[in-house]
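Structural features, examined
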Amino acid sequence: MNYLQLALEESFFSIGVSRPNPAVGAVVVKDGIVVGRGRTQRPGNAHAEVMALRDAGELARGAAIYVTLEPCCHYGRTPPCTKAIIDAGITEVYFAHADPNPVVRGKSRKILEDAGIAVYEGEDACVRACFCDETDNDLHASSDAPCECGVFGYEAAAGKFVSNVGAEAALVEFKAEGRSVFHEVERYFEAYDYFVRNKRTFIEIKSAVSEDSFMGCITAKGRHAPLKITGQGANCWNHELRAMSDAVLVGAGTLLADNPRLDVRYVQGNSPVKIVWAGHHEFTLDEVHSLAVFALNGAPCGEDTPAGLPLVFSCVAQPQLDGIAEVVALPHESFADNWCFMVKKLSARGMHRLMVEPGASLAREIFNAPREQEKNLWNRIDLWRSTDPSVEASLERLIDCGDAKCGLEFPGLPPCAIAKESAMIGPDVLTVYYSAEP
């Protein structure tokens with residue numbers, strides 16, 4: 001396990017609560033025991049470090065604190081966290097990610113070190129934050145043997161000792177785990193970094209296609225219908241992305257075809273704001289009554305929005321959604337201009353990450369936008385491609401039975417999309433793309 005991993009798990013429950021402040025988690029550790037946990041509260045209230053220190057109480061004196069983001073060092077709506085850490089008697093600070101805010105970046109470390117506190121950051125902190133669970137391994141020969149493992153910060157886990165046997169293997173394992181946590185934290189704060197530097201919401205597109213690039217199918221009546229493409233592993237990953245997003249968006253076509261709940265069921269954490277891109281579709285009363293997104297309570301959209309109401313961006317009036325959703329009128333003629341208008345609205349609400357789960361039509365609009373607009377429409381694309389032959393077989397059966405007349409093809413990636421990462425979960429392959437533009 002890893003103390004910064006525990007802090008990261010805490011931070012997930014702060015998403016949507018701390019907005020526009022970053023969602024941060026912290027844990028206080030003394031003698032190898034987590035004695036305090038905390039996460040950032042609503043703006044104007046305590047940050048994660050203060051909450052964890054309060055939870056630890058007097059046990060914080062002489063302890064270490066592990067924080068996902070560099071502690072703040074300036075007076076805003078709350079006093080600086082560096083002061084709270086110093087006053088609490090913390091002796092070691094580990095933070096995983098440097099704050100891109102120039103008011104904070106690099107200044108916190110100097111303040112803490114000047115107070116006699118040892119500070120570790122980034123990948124180094126994540127590796128040092130590793131600890132062993134004696135129930136899960138046999139590395140701990142005796143409690144009175146000195147620590148010989150050489151793992152960074154292992155002694156700071158206080159009371160966790162290993163013998164020379166297996167020490168080298170432990171070191172390799174801990175370094176690998178620490179680097180993995182560091183990568184996870186960097187991914188987590190990717191949207192926050194972008195928001196701080198650009199004052200804009202980070203747009204992440206998630207799509208899934210079959211081996212032959214189908215996203216769904218078209219029924220005999222010409223309607224779009226869902227096609228089960230990815231397995232449970234990819235679906236869990238998808239819910240993790242939802243949990244770390246401020247909001248999740250689908251188009252009207254996907255809403256009518258799939259009737260998704262847009263909630264988080266496979267992981268713990270934030271329930272994102274539900275957003276519907278209605279375009280020119282006017283929802284009927286029957287559709288409103290049958291769609292889960294309008295029946296389920298979601299997260300608050302902001303101080304000016306009643307809690308639980310989804311956001312609907314629409315080019316046409318939506319009389320059936322009165323009191324059921326917050327409808328925002330789209331004022332422009334072109335899709336790209338309306339999309340940028342929406343992004344500005346979400347940015348003004350302090351949303352760091354918008355997850356978009358488009359159908360073929362919406363994906364085509366986003367990917368085929370004019371070149372001068374394209375940089376504003378998306379930041380990252382997560383494309384799942386199934387290698388499971390049963391997906392194609394299911395589509396063929398639907399067509400043979402007359403339930404579908406053809407497959408719905410993925411529109412293809414924009415020309416500026418550059419593949420950066422790849423991973424495989426079961427039969428599903430994930431490829432991550434970023435724009436070639438800076």
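All of the points below concern the structure found in this document. (Residues numbered from 1 in each chain as written. Predicted model: local features only at pLDDT ≥ 70, side-chain atom pairs only at ≥ 80, totals over all residues. Heavy atoms only, no water.)

When helices and strands are counted, the protein shows 15 helices and 17 strands. Across the 438 residues of the protein, 54% fall into the buried class. For the protein, the share of sequence-separated contacts (at least 6 apart) that also reach a separation of at least 24 residues comes to 71%. With the model as given, the accessible surface of the protein reaches about 19200 Å², and the carbon-plus-sulfur share is 51%. (Helix = DSSP H or I, 4+ residues; strand = E, 2+ residues; numbered from the N terminus. Buried < 20%, exposed > 50% of the residue type's maximum accessible area, 1.4 Å probe, protein only. Contact = heavy atoms within 4.5 Å. Areas by Shrake-Rupley, 256 points an atom, 1.4 Å probe, with all protein chains shown as cover.)

Its location among the elements puts histidine 281 in the loop between strand 10 (273-279) and helix 10 (285-290). Here the alpha-carbon distance between histidine 281 and serine 314, two residues 33 residues apart in the chain, equals 7.7 Å. With residues up to four places along the chain from it excluded, the contact list for histidine 281 reads Ala252, Leu256, Glu287, Ser314, Val316 and Gln318.

If you check helix 8 (residues 232-243), its first and last C-alpha atoms are 16 Å apart, about what 12 residues at 1.5 Å a residue would give, namely 16 Å. All of the buried residues in helix 8 are Ala234, Trp237, Asn238, His239, Leu241, Arg242 and Ala243. (Expected span 1.5 Å × (residues − 1).)

At a closest axis distance of 9 Å, the pairing of helix 2 (residues 48-56) and helix 3 (residues 81-88) adopts a crossing angle of 20°. By the angle class used here, helix 2 and helix 3 are roughly parallel. Crossing of helix 2 over helix 3 shows left-handed handedness. Across from Glu49, Val50 and Leu53 in helix 2, the residues of helix 3 making contact are Cys81, Ala84, Ile85 and Ala88. Considered class by class, the residues forming the contact of helix 2 with helix 3 number 6 nonpolar, no polar and 1 charged. (Axes fitted to C-alpha atoms, helices over the stretch in contact; angles between N-to-C directions. Parallel < 35°, antiparallel > 145°, perpendicular 65-115°, else oblique. Left-handed = near helix turned anticlockwise from the far one by under 90°. Nonpolar A, V, L, I, M, F, W, Y, C, P; charged D, E, K, R; others polar.)

With that out of the way, let us pick up the side chain of serine 207. Among the secondary structure elements, serine 207 is positioned in strand 6 (residues 202-209). Among residues more than four places away in sequence, those in contact with serine 207 are Met215, Pro358, Asp382, Leu383, Trp384 and Phe410.

Below, the discussion takes up the pairing of strand 13 (residues 353-356). The two faces of strand 13 match: Arg353 and Met355 on one face and Leu354 and Val356 on the other face are all buried. For strand 9 (residues 247-251) and strand 13, the ladder comprises 3 bridges, and the chain directions are parallel. For alanine 247, the partnering residue across the bridge sits in strand 13 and is leucine 354. (Pairing = 2+ DSSP bridges.)

Time to look at the sheet that holds strand 9. Reading across from one edge, 12-11-10-9-13-6-14-17-16 is the order of the 9 strands in this open sheet, with mixed pairing throughout. Of all the strands in the sheet, just strand 12 (326-329) and strand 16 (417-425) have a single pairing partner and so form its edges. Going from strand to strand, the sheet's axes swing by 20° on average, the running direction of each strand aside. Of the strands in this sheet, strand 6, strand 9, strand 13, strand 14 (380-386), strand 16 and strand 17 (428-435) are in contact with helix 8, which crosses strand 14 at around 165°.

Turning our eyes to something else, we now look at unusual backbone geometry. Arginine 19 connects to proline 20 through a cis peptide bond whose omega is 5°. Here proline 20 is to be found in the loop between helix 1 (3-11) and strand 1 (25-30). Positive phi values are uncommon outside glycine, yet leucine 262 reaches one of about 60°. Checked against the element boundaries, leucine 262 lands in the loop between helix 9 (252-258) and strand 10. Leucine 262 gets classed as buried once you look at its relative accessible area, which sits at 0%.

Here the focus is the nonpolar core. Ranked by internal contacts, the top residues of the largest apolar core, which has 80 residues, are Val28, Ile90, Phe283 and Phe294. Setting aside residues no more than four positions away along its own chain, isoleucine 90 makes contact with Val28, Leu53, Ala60, Ala63, Ala64, Ile65, Ile85 and Ile117. (Core = buried A, V, L, I, M, F, W, Y, C linked by side-chain atoms within 4.5 Å.)

All quantities given are derived from atomic positions and should not be read as evidence of function.
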